[in-house]
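Structural overview for review
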Amino acid sequence: MVGHLVLSPARRPRVALEVERVGGLRLLRAAVAAPEGIGEKRQRRRVGRAARLLAEERVRRVLTGPGFCGWDLLREWGLIPVSPEPLVQSMAAPLVLAALERRGILPERARVALAAPRANRAVYQTAMALCPRVRQLLVAAPDGGEALADLLREEFGMPRLEGEEGRGADLTVRLGNVPCSGSGVRLDLFGPRPGLLGLELDAEGLPPFEGEKLPFLTLLWEEGRIPPGNIRVI
């Protein structure tokens, strides 16, 4: 079960656990009393207690509210956030096209760089989706990048860009934590807080939720509650 930790303005109880259902998901909600004027030390003790209770219920992943600052306490009990990385990487091509459009750059005139530690499935799918749309595509992946570049050249006639030729990209898309020497703007599609350049993912019929939207949407997508075709970039 996934946990849902919220800070409540109520004074009592200090920590309350209950099962809730949101959008078809079954979550274990931990409400931490955090009324106005509560001291930081007292609040951290209550968050730590909530983390312990969630861990005792065999919770592994936790949803929290925007700006939550107690992840160090949760990690002490082996709790981790719901990572939106799989979802944003599955939406990499639409995010790239939306980022280019927002900057007034036509895809057929755009140079896009994909950077990742290895040419995994996400890199491959993104490259195959973008190649018919953009002017130039650079794949910078130490593990498997050359083979993917050769495939793109065979399939789409996309020239391989190396060294200085690969610089000057209008948009650099990172699908992993790798150094980025390219110019232009950068779209970071990895980690617990992807850098989406002000773009958001939304879905038709997304239920209201007391917490961060992107991890919640990711969880619904993982569980098949939101079809991939219903997810859009806004």
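The following refers to the structure shown. (Residues numbered from 1 in each chain as written. Predicted model: local features only at pLDDT ≥ 70, side-chain atom pairs only at ≥ 80, totals over all residues. Heavy atoms only, no water.)

Another aspect to go through is the environment of Val-2. Tracing the backbone through its elements, the reader meets Val-2 in strand S1 (residues 2-8). Residues Val-2 and Leu-25, spaced 23 residues apart in sequence, show a C-alpha to C-alpha distance of 8.9 Å. In this structure Val-2 touches Arg-26, Leu-27, Leu-28, Val-59, Arg-61, Val-62, Leu-63, Val-82 and Leu-219, once residues within four positions along its chain are discounted. (Helix = DSSP H or I, 4+ residues; strand = E, 2+ residues; numbered from the N terminus. Contact = heavy atoms within 4.5 Å.)

Judged by nonpolar contacts, the single largest core of 51 residues is most densely connected at Leu-95, Val-112, Leu-137, Val-173 and Leu-201. It is helix H4 (residues 92-102) that provides the largest number of residues to this core, a total of 8 residues. (Core = buried A, V, L, I, M, F, W, Y, C linked by side-chain atoms within 4.5 Å. Buried < 20%, exposed > 50% of the residue type's maximum accessible area, 1.4 Å probe, protein only.)

Residues Leu-171 and Val-173 of strand S8 (residues 171-174) are buried on one face, and the alternating residues Thr-172 and Arg-174, pointing to the opposite face, are buried as well. The pairing of strand S6 (residues 111-115) with S8 spans 4 bridges and is parallel. Within the sheet, the bridge partner assigned to Val-112 lies in S8 and is Leu-171. Sheet topology places S8 next to strand S9 (residues 185-188); 4 bridges connect them, and they run parallel. Its bridge partner being in S9, Val-173 is matched across the sheet by Leu-187. (Pairing = 2+ DSSP bridges.)

Hydrogen bonds between backbone atoms are what pair the strands of a sheet, whose relative direction is either parallel or antiparallel. The strand order across the open sheet built from 5 strands is S2-S3-S1-S4-S5, with neighbouring strands paired in mixed fashion. If you trace the sheet from one side to the other, it starts and ends with strand S2 (15-22) and strand S5 (80-81), each paired once. Relative to S5, strand S4 (residues 61-63) runs parallel, the two being bridged by 2 bridges. Counterpart to Arg-61 in the pairing with S5 is Ile-80. Of the strands in this sheet, S1, S2, strand S3 (25-33) and S4 are in contact with helix H1 (residues 40-56), which crosses S3 at around 150°. Along the sheet, helix H7 (residues 213-222) makes contact with S1, S2, S3 and S4, crossing S4 at roughly 130°. (Axes fitted to C-alpha atoms, helices over the stretch in contact; angles between N-to-C directions.)

This part covers the pattern of salt bridges. Counting across every chain of the model gives 13 salt bridges. Linking Arg-193 and Glu-212 is a salt bridge whose minimum nitrogen-to-oxygen distance equals 3.0 Å. Of this pair, Arg-193 sits in the loop between S9 and strand S10 (201-203) while Glu-212 sits in the loop between S10 and H7, and the two are 19 residues apart along the sequence. Judged by its relative accessible area of 54%, Arg-193 falls in the exposed class. (Salt bridge = Lys/Arg side-chain N within 4 Å of Asp/Glu carboxyl O.)

Turning our attention to the sheet that holds strand S7 (residues 136-140). With parallel pairing, the 4 strands of this open sheet are ordered in space as S7-S6-S8-S9. Two strands bound the open sheet, and with one partner strand each, they are S7 and S9. In this sheet, neighbouring strand axes are inclined to one another by 20° on average, regardless of whether the strands run parallel or antiparallel. Where S6 meets S7, 5 bridges bridge the pair, whose relative direction is parallel. Counted as the bridge partner of Ala-113 is Leu-138 from S7. On top of the sheet, helix H5 (residues 121-130) reaches S6 and S7; it is set at about 170° to S6, its chief contact.

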